[in-house]
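Structure assessment
Each chain, written out:
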Amino acid sequence: MIVKVLGAAAGGGLPQWNCGCRNCTDARAGRIAPMTQSSVAISVDGASWVLLNASPDIRAQIQATPALHPRGLRDTPIAAVVLTNADVDHIAGLLTLREKTGFTVFGTADILQTLEANRIFDVMDRTLIPRTGFALEQTITPLPDLTLTPFAVPGKVALFLEGETVGLQEIGEQTIGLMIEDGRRKVAYIPGCAALPDWLVDRLRDVDLLLFDGTVWENDDMARTGTGEKTGARMGHLPMQGDMGSLARLAPINARKVFIHVNNTNPVLQPDGPERAALMRAGWEIARDGQEITP
Ligand code: MLT
Ligand code: MN
Ligand code: ZN
C-alpha cells in the first residue's frame, strides 16, 4: 500500500490566511514548512488512487503530486473520494473536482446528506460522479485489492451544522475513522476524534500505521496563543497532552504513529520546542505535505 500525505494541516492550513501566530509567522518566513489542509491519497498499484477527504487545497495538492495528474486529454487517476465527516476542510475540495470527469464519492448517509442539502455540490454531475452511501462497519472496495471499513469515532457535527446545543462526543455517522487494508498492511485514518475510549484504543491494536487527529496539544492552545477562546473539546478534537490525551491513551499501540490534521496554533509545530520533544519521545511523528509513508 502507498500512503501519500496531500495535506497535513487542520482547517485553515499553515499559515492560515488571517493568522499572525508564531507558527503562521514562521511558516510565512520560511522557518517552518507550510502545510495544506488535511487529505491523504492511497494506492495499491500506484496507478489508481483513493483520496481520503477533499480539502479546499486539493487543486494545489493534485498539482504537487504527479501520480494524480491526468494521463490523457480529460482523465484522472482518482477513482474515489471517501469522506470522514462533513467539515469544510474535508468537503469543499469536491467543488474543484467538477468539469465532467468521473469518480465515486463515498460517505455515510449522514455525511452525504450535507452534500444533498447544499445545492452548490450539484456542480458535480451525478451521472459521472455517483454518491455512494456506506453503513458503519460496511467494508467497501474502492480499488481492486483495497478495502476500507468505516467506523464511528467520538465527534460532533460540522461547525456550520451546529444547533443551539451540540453533542461534543457523539458516536454515530457524523464523524468516522477508516480502517484501510490491502491484504498485507493495515492502516487506520482518524483525522478528527473527540476522545479515546477503551473500545477505540482496542480497535487500533493491530494496525501497522496510525494517522491520527493532531489538532491541538492542549485543550486551550488557542487561548495560550492569544488566537481565540475556543477549546479543542468544543471543536471535537482531543488534546495530545494529558492523561486522556492521544500520547498517553495510544501509548500501548505499537504501530507507526503519525499526527495529521495539525492546527496552525499547535506548539508541536515548533521544531525545537518542548512539546515536539515530548511527542518524539512518545514515538510519534508529524505528517508533512508530500510525504509518502510505507506502512
Ligand atoms: C474542525 O476540524 O474542527 C473543522 O475543520 C473546523 C472548521 O470547520 O473550520
Ligand atoms: Mn477539520
Ligand atoms: Zn496561526
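Our structure's up above, just so we're on the same page.
Let me begin by describing the structure that accompanies this report. Quick caveat, the model's predicted, so the values are computed rather than measured.

Reading guide: rules and limits
Residues numbered from 1 in each chain as written. Chains lettered and ligands numbered in written order. Predicted model: local features only at pLDDT ≥ 70, side-chain atom pairs only at ≥ 80, totals over all residues. Heavy atoms only, no water. Salt bridge = Lys/Arg side-chain N within 4 Å of Asp/Glu carboxyl O. Buried < 20%, exposed > 50% of the residue type's maximum accessible area, 1.4 Å probe, protein only. Helix = DSSP H or I, 4+ residues; strand = E, 2+ residues; numbered from the N terminus. Donors = N, O, S within 2.8 Å, 3.2 Å for Na, K, Ca; no water. Arc of directions from axis to C-beta. Contact = heavy atoms within 4.5 Å.

1. With respect to the pattern of salt bridges
With the rule as written, the count across this model stands at 21 salt bridges. Between Asp122 and Arg119 there is a salt bridge, with the nearest N and O atoms lying 3.4 Å from each other. Its relative accessible area of 33% is what places Asp122 among the partly exposed residues. In this structure, the salt-bridge partner of Asp206 is Lys186, at a minimum N-O distance of 3.0 Å. With Asp206 in the loop between helix 5 (198–203) and strand 11 (209–213) and Lys186 in strand 10 (residues 186–190), this residue pair connects regions lying 20 residues apart in the sequence.

2. As for the coordination of the manganese ion (ligand 2)
The protein atoms that coordinate the manganese ion (ligand 2) are Asp89 (OD) and His261 (NE2), at distances of 2.1 to 2.2 Å. Here Asp89 is found in helix 3 (residues 88–91), whereas its partner His261 is found in the loop between strand 12 (256–260) and helix 9 (274–281), with 172 residues between them in sequence. An identical accessibility class is assigned to Asp89 and His261; each is buried.

3. Description of helix 4 (residues 109–117)
Within the sequence span of helix 4, burial applies to Ile111, Leu112, Thr114 and Leu115. Considered in projection along helix 4, the buried side chains sweep an arc of 140 degrees and stay on one side of the axis. Exposed side of helix 4, more than 90 degrees from the buried face: Ala109 and Ala117 are the residues found there. Close packing links the buried residues of helix 4 with helix 3, strand 5 (104–107), strand 6 (131–133) and strand 9 (176–181).

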